[in-house]
Amino acid sequence: MLIGHAFEEGVLHLSLPGDLALTSRSAADLEAQALALAHRPRHVRVQLSTADPTPASLSVLSRVRRFCENVRIPLTVVGPVRVAAAPLQE
């Protein structure tokens with residue numbers, strides 16, 4: 001699979017890789033749609049893995065957004081998870 005996913009409590013969580021190539025975007029889009037059709041979520045949440053996604057990742061995001069609009073599933077997009085740095089020890 002090109003994209004990561006989890007399904008919990010009616011929410012389909014998708015994560016797009018930061019290095020998605022243009023040659024892989026159609027496959028990633030089809031995976032996202034197949035997962036949505038299989039799970040029938042009440043909500044889809046897309047996690048971008050980098051603050052600077054590739055054009056292919058943005059293309060997939062656009063296609064997933066359009067798909068969700070067509071089937072009336074709310075979509076949320078979130079940026080990369082930031083991990084707090086440990087405090088410096090003196």
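Check the entry above for the structure.
Every chain begins its residue count from 1, and numbering advances along the sequence as written. Selection of residues for local features in this predicted model requires a pLDDT of at least 70, selection of side-chain atom pairs for listing and counting requires 80 or more, and totals for whole chains, interfaces and linings are taken over all residues. Side-chain numbers here rest on the full set of heavy atoms in the structure, without hydrogens or water.

Asker: What am I meant to see in the sheet that holds strand E3 (residues 43-48) here?
Answerer: Whether parallel or antiparallel, the strands of a sheet pair through hydrogen bonds between backbone atoms. Strands are treated as partners if at least two bridges between them are detected by DSSP. Only DSSP runs of H or I covering at least 4 residues are called helices, and only runs of E covering at least 2 are called strands; the numbering of each starts at the N terminus. In space, the four strands of this open sheet follow the order E1-E2-E3-E4, with mixed pairing throughout. Single-partner strands in this sheet number two, and they are strand E1 (4-8) and strand E4 (75-78). On average, adjacent strands in this sheet sit at an angle of 15 degrees to one another, irrespective of strand direction. With six bridges joining them, strand E2 (residues 11-16) and E3 adopt parallel strand pairing. What sits directly across from Val11, in E3, is His43. The contact criterion used throughout is that any non-hydrogen atoms of two residues lie within 4.5 Å. Every axis corresponds to a line fitted to the C-alpha atoms, with the helix fit spanning only the stretch in contact, and the corresponding angles, defined between N-to-C directions, vary from 0 to 180 degrees. Along the sheet, helix H1 (residues 25-39) makes contact with E1 and E2, crossing E2 at roughly 170 degrees. Running over the sheet, helix H2 (residues 55-71) touches E2, E3 and E4 and is turned about 160 degrees from E4.

Asker: How do you make sense of the packing of H1 against H2 when you look at a structure like this?
Answerer: In helix packing, the relevant descriptors are the interaxial angle and the interaxial distance, both defined with respect to the helix axes. Put simply, H1 and H2 touch, their axes get as near as 9 Å, and they point 30 degrees apart. Between H1 and H2, the interaxial angle falls into the category roughly parallel. For the crossing formed where H1 meets H2, the hand is right-handed. Counted together, Arg25, Ser26, Ala28, Asp29, Ala32, Gln33, Ala36 and Leu37 of H1 and Ala56, Ser59, Val60, Arg63, Val64 and Phe67 of H2 form the full contact between these two elements. Polar here means any residue outside two lists: the nonpolar Ala, Val, Leu, Ile, Met, Phe, Trp, Tyr, Cys and Pro, and the charged Asp, Glu, Lys and Arg; Gly therefore counts as polar. Grouping the amino acids of the contact of H1 with H2 by side-chain chemistry returns eight nonpolar, three polar and three charged. Throughout, the term roughly parallel applies to angles under 35 degrees, roughly antiparallel to angles over 145, roughly perpendicular to angles from 65 to 115, and oblique to all others. The crossing is said to be left-handed when, going from far helix to near helix, the turn is anticlockwise and less than a right angle, and right-handed when the turn is clockwise.

Asker: Got a minute to help me understand the nonpolar core in this structure?
Answerer: As a rule of thumb, nonpolar side chains are buried together in soluble globular proteins. In this structure, Ile3, Leu14, Leu16, Val44 and Val46 are the most contacted members of the largest nonpolar core, which totals 19 residues. For this core, the secondary structure elements donating two or more residues are E2, H1, E3 and H2. For this core, the element with the highest residue contribution is H2, accounting for six residues. The residues touching Leu14, leaving out its near neighbours within four places in the chain, are Ile3, Gly4, His5, Ala32, Leu35, Val44, Arg45, Val46 and Gln47. By nonpolar core we mean a set of buried residues, namely Ala, Val, Leu, Ile, Met, Phe, Trp, Tyr and Cys, connected to one another through side-chain atoms within 4.5 Å. Accessible area is worked out with a 1.4 Å probe on protein chains only. A residue is then buried under 20% of its type maximum, exposed over 50%, and partly exposed in between.

Asker: Where do I start with the pairing of E3 in this structure?
Answerer: Looking along a regular strand, one sees side chains alternate from face to face of the sheet. A crossover connection joins E2 to the parallel E3 through H1; in handedness this β-α-β unit is right-handed. Examined bridge by bridge, E3 and E4 share four bridges and lie parallel to one another. Looking at E4, one finds that Val46 is bridged to Val77. Regarding the hand of the β-α-β motif, the stretch spanning E3, H2 and E4 is right-handed. By the criterion used throughout, a crossover qualifies as right-handed when its path from the first strand across the helix to the second strand runs clockwise, the strands pointing away from the viewer.

Asker: Honestly, the pairing of E1 in this entry has me stumped. Any pointers?
Answerer: As paired elements, E1 and E2 share five bridges and run antiparallel to each other. Bridge assignment links Phe7 to a residue of E2, and that residue is Leu12. Linkage of E1 to E2, two consecutive antiparallel strands, is achieved through a turn of two residues, within which Glu9 is found at a positive phi near 50 degrees.

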